[in-house]
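Here are the chains, one letter per residue:
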Amino acid sequence: MNFISTRGNAAGIGFVDTFLMGLAEDGGLMIPAELPVIDQDKMKQWERLSYQELTLEIFQLFTGDEIPREELKQLIDESYATFRSPVVTPLRKIRDDLHILELFHGPTFAFKDVALQFLGNLYSYVSQRQNKIINILGATSGDTGAAAIEGVRGKDGIRICILHPHEKVSKVQELQMTTVGNENVLNLAVKGNFDDCQRIIKELFADLEFKSRYHLRAINSINFVRILAQTVYYFYAYLQLVRQNPAAQISFSVPTGNFGNILSAFLAKRMGLPVHRLILATNENNILERFVREGVYMPDEFRSTHSPSMDIQVASNFERYLYYLVGEDSQQVSAMMKQFQEDGKVVLSAGLLAKVQSDFQAYGVKNDECLRMIESYSREADYLLDPHTACGVAAYESCGDKNTVTVVLATAHPAKFDESIRLVGIAQEFPADIQRLFDKPQHQQLVDNDKAEIAAQLERFFGTR
Ligand SMILES: Cc1ncc(COP(=O)(O)O)c(C=O)c1O
Ligand SMILES: N[C@@H](CCOP(=O)(O)O)C(=O)O
C-alpha cells in the first residue's frame, strides 16, 4: 500500500518508510493513499479470530508484501504475549446497554501498550533487517512515554528520549518512565505542559537536517502505525458483541486528547465497521468538544484536571480528520493548517460543521463530574473506573443512545491515577508490578521549556555511538 501526506507533498511511500518517517516531510501527517474497505462477508469470516489473528488480517491490508506474513505474525504474537489477558482487550458487561472495553492489560496498564508493544518490536525488526539507526523521540502526557519505553528498553540498536511535563503526570506514570535503568533510555522532565513537549518535538521533526542527522523516529500517534494498531480493538469488540447479538447497534465512547484514539475508530468506520455512533469524550481541556459543537478549533487556557493524560489543547491527529472532512483535498488541509498557524484557529463553514456533527457527538467532562462517575460506578456497579474512562462513561451518560449498545473504552487502569481515585475516598490495592516501582531509583533530567536546550540534550544522547 502507498501512503501520502495530508498536505500533499509526499506520495507513493511504502509502509516501512512511512513508519520510519513519522511526521511527513512537508509537516503534514501520513495517511494511506486509499483506505481498504472490509465488506460484511469478510467481517463474518473474522468473527471467530483471536485478537492476534485479527491484527494480522488488518495489518496485512496495509503492509502488503513489504513484511512477509509469517514474520508479521511472529511480530504480532510476540507483542501480545506480554499482555495479562489471553484475549488482550476483554469486554466487561456493566448493563445491557453498556460494556467496557478494557485496554489496560498490557505491561504499563494503559491502552498505549496495545500499539506500542508492536511498534517496539517493529522498530527492532526494521533495525535488524535494514540496518537502520533507530533514535526515538517522543512526547508524553504520561502514558505514551511509559509504554514506548517499555516497548524498546534494552533493545539493541534503539535509543529513546521521552519528554514529559514536569509535575504534570501522575506519580505512577512518572515512576514507570523514570525507574527504567537501561542505558538506551533518556527521560527529560520539561518545565511546561504536554502541548509544549509536543510542539518542541514536532519542530525538531520538521527540521529535516536535524531529523536526518540524528535519525529521529516517532512513537507518538503522528506515526500512522500507532493509529492502525488501535483500529484493531474496535473491530475486535464489535465482532465479539455481534456474535452474541447479531442485531445489536454498537456505538463507542472514546476518551480523547490527542485525537488518536478516536481517529482510529473513525478510520475503522470508514473501512466498513458498522459503528452506530462515535462519542468523543474530553475533559475540561475541551477544544475538541467545542470544535464539534461550534465548528471552531481554537486552543483555550490549559487546565490541570483529574484525567491528566488528556490535558491536551492542540490535538495532533486533528489534521488527519480534517483531511477526510474536506474530501481528501490536501490543498484545503494545507490552507486550513496555515490559517491555524497564523490566526490560532480553524473556522468551519456551516456545511462542514454539519458533517462533523454527523461524524461525532462530543462531551467535555467537568472535574467534579468525573469524580462523581468514579464514585457512583464503584458503588452501584462495583467497577472502579480510572478518571479517563470515567470521562468516557460520563459522555455516554450525557449523550449516548440508551436503546443500543455502547462500548466505553477503558484506557487506563485506575492504579495509575490514585491521586484522583483517593479524592472520592476509595482506597485501592496496587498491582504488584506497580507497587514495586516505589522502591526503585529514578533517572530523569529537568530541562527548561526551551527547544535549544532540548536539542542540545538530544545531540549528547543520540550523537554518541
Ligand atoms: C489514559 C488515556 N486515556 C485517553 C487518552 C486519549 O487518547 P488520544 O490522545 O489518543 O486521543 C490518553 C492519551 O492521550 C490516555 O493516556
Ligand atoms: N495521552 C498521550 C499523549 C500523547 O499522545 P499520542 O497518542 O500522540 O502518543 C500520552 O499519554 O502521552
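Before any of the text, the structure's been laid out above.
First things first, this report covers the structure right here in the doc. This structure is a prediction, so every number in the text was calculated from the model and none was measured. Positions within a chain are numbered from 1, following the residues in the order the chain's sequence is written. Lettering of chains starts at A and numbering of ligands starts at 1, both following the order in which they are written. It should be noted that, the model being predicted, local features are given only for residues of pLDDT at least 70 and side-chain atom pairs only at 80 or more, the latter also being counted only at that level, while totals for whole chains, interfaces and linings use all residues. Note that the side-chain values use all heavy atoms of the structure and ignore hydrogens as well as water.

Regarding empty space enclosed by the protein
- A pocket here means an open set of points on a 1 Å grid, computed over the protein atoms alone, that has protein on both sides within 12 Å along at least five of seven lines. A cavity is instead a set of points where a 1.4 Å probe fits but cannot get out; residues with an atom within 4 Å of a point line either one. Grid points are joined across faces, edges and corners, and a volume is the space filled by probe spheres set on the points. Enumeration over the complete set of coordinates arrives at 2 cavities of 30 Å³ or more.
- As a volume, the largest cavity reaches approximately 280 Å³.
- F111, K112, N258, S309 and I312 are the residues nearest the centre of the largest cavity, which is lined by 26 residues in total.
- Computed from the structure, the second largest cavity encloses a volume of approximately 40 Å³.
- Around the second largest cavity, the lining residues are S141, P165, K168, F194, F302, P308 and D311.
- Classifying every residue of the lining of the second largest cavity gives 4 nonpolar, 1 polar and 2 charged. All amino acids are sorted into three groups, where Ala, Val, Leu, Ile, Met, Phe, Trp, Tyr, Cys and Pro are nonpolar, Asp, Glu, Lys and Arg are charged, and the leftover types, Gly among them, are polar.

Some points on the sheet that holds strand β10 (residues 275-282)
- Here, a strand pair is defined by DSSP locating no fewer than two bridges between the strands. The way it works is that DSSP assigns letters per residue, a run of H or I at least four long becomes a helix, a run of E at least two long becomes a strand, and they are numbered from the N terminus. The 6 strands lie next to each other as β3-β4-β14-β9-β10-β13, forming an open sheet whose pairing is mixed. Each having just a single partner strand, β3 (91-95) and β13 (361-364) make up the two edges of the open sheet. For this sheet, the mean angle separating the axes of adjacent strands, direction not counted, is 25°.
- Bridging between strand β9 (residues 250-255) and β10 involves 5 bridges; their strand directions are parallel. Residue V254 lies in a different strand from β10, and its bridge partner there is L280.
- Across the sheet, helix α11 (residues 260-270) touches β9, β10 and β14 (405-410), and the angle it forms with β10 is around 170°. Structural elements are reduced to axes, namely lines fitted to C-alpha atoms, with helices fitted over the stretch in contact, and the angle between N-to-C directions of any two is expressed from 0 to 180 degrees. Residue contacts follow a heavy-atom distance rule, with two residues in contact if any of their heavy atoms lie within 4.5 Å.

Some remarks on the site of ligand 1
- Only a single heavy atom is needed: when it lies within 4 Å of a molecule or strand, its residue is near that molecule or strand. Taken together, 15 residues are adjacent to ligand 1, and D143, G257, N258, N261 and T411 come closest.
- We define a polar contact as two N or O atoms separated by no more than 3.5 Å, with the added condition that, inside protein, one atom must be a possible hydrogen donor and the other a possible acceptor, whereas residues neighbouring each other in sequence contribute only through side-chain atom pairs. A distance of 2.9 Å separates an oxygen atom of ligand 1 from a polar atom in the backbone of G257.
- Here an oxygen atom of ligand 1 and a backbone polar atom of N261 are 2.8 Å apart.
- About the coverage of ligand 1: the protein hides 98% of its 380 Å² of free accessible area.
- More than half of a molecule's atoms within 2 Å of the grid points is what it takes for that molecule to sit in a cavity or pocket. A majority-of-atoms criterion places ligand 1 in the largest cavity. To be clear on the numbers: accessible area is Shrake-Rupley with a 1.4 Å probe, and residue cover counts the displayed protein chains and nothing else.

Re the pattern of salt bridges
- What makes a salt bridge here is a side-chain nitrogen of Lys or Arg within 4 Å of a carboxyl oxygen of Asp or Glu, nothing more. Scanning the model with the defined rule gives 28 salt bridges in all.
- Close ionic contact of R290 with D300 constitutes a salt bridge, the shortest N to O distance being 4.0 Å. Here R290, found in helix α12 (residues 287-294), pairs with D300, found in the loop between β11 (296-297) and α13 (318-325); they are 10 residues apart in sequence, far enough to count as distant.
- For every residue, the accessible area obtained with a 1.4 Å probe (protein chains only) is divided by the maximum for its type, and the residue is called buried under 20%, exposed over 50%, and partly exposed between those limits. When its relative accessible area of 37% is taken as the criterion, D300 is described as partly exposed.
- In this structure, D433 engages R436 in a salt bridge whose closest nitrogen and oxygen atoms are separated by 2.4 Å.
- Residue classification places D433 among the partly exposed positions, given a relative accessible area of 40%.
- In the salt-bridge network here, residues are joined through shared partners; they are D196, R199, E203 and K451.

A few points about the site of ligand 2
- In the vicinity of ligand 2, 13 residues are found, and the nearest of them are T140, D143, T144, N220 and S221.
- A distance of 3.0 Å separates an oxygen atom of ligand 2 from a polar side-chain atom of K112.
- Contact distances for ligand 2 include 3.0 Å between a nitrogen atom and a backbone N or O atom of S309.
- The fraction of the free accessible surface of ligand 2 (340 Å²) that becomes covered by protein chains is 96%.
- Structurally, ligand 2 is housed in the largest cavity.

Remarks on the sheet that holds strand β15 (residues 445-447)
- Across the sheet, 5 strands lie side by side as β8-β5-β6-β7-β15; this open sheet has parallel pairing. Of all strands in the sheet, those with a lone pairing partner are β8 (216-218) and β15, marking the two edges. Neighbouring strand axes in the sheet, compared pairwise and without regard to direction, differ in orientation by 30° on average.
- In the sheet, strand β6 (residues 158-165) pairs with strand β7 (residues 185-190) via 6 bridges, with the strands oriented parallel. Pairing of I162 across the sheet is with N187, part of β7.

A closer look at the packing of aromatic side chains
- Two rings from Phe, Tyr or Trp (for Trp, the six-membered ring) form a pair when their centres sit within 6.5 Å of each other. Planes less than 30 degrees apart are called stacked, planes more than 60 degrees apart edge-to-face, and all others tilted. Counted by the stated rule, this structure contains 27 aromatic pairs.
- Plain terms: the ring middles of F59 and F118 are 4.7 Å apart, the flat faces sit at 55° to each other, and that makes the pair tilted. Residue F59 is located in helix α3 (residues 51-63), and its partner F118 is located in helix α5 (residues 112-130); the two are separated by 59 residues in the primary sequence. Across this residue pair, the class does not change: F59 and F118 are buried.
- Joined through ring pairs, the aromatic side chains of F259, F266, F291, Y297, F318, Y321, Y323, Y324, F340 and F360 make up one cluster.
- Just above the ring of F109 sits the side chain of R84; from NZ or CZ to the centre is 3.7 Å. Charge-over-ring placement is defined geometrically: NZ (Lys) or CZ (Arg) within 6 Å of the ring centre, and within 35 degrees of the ring normal.

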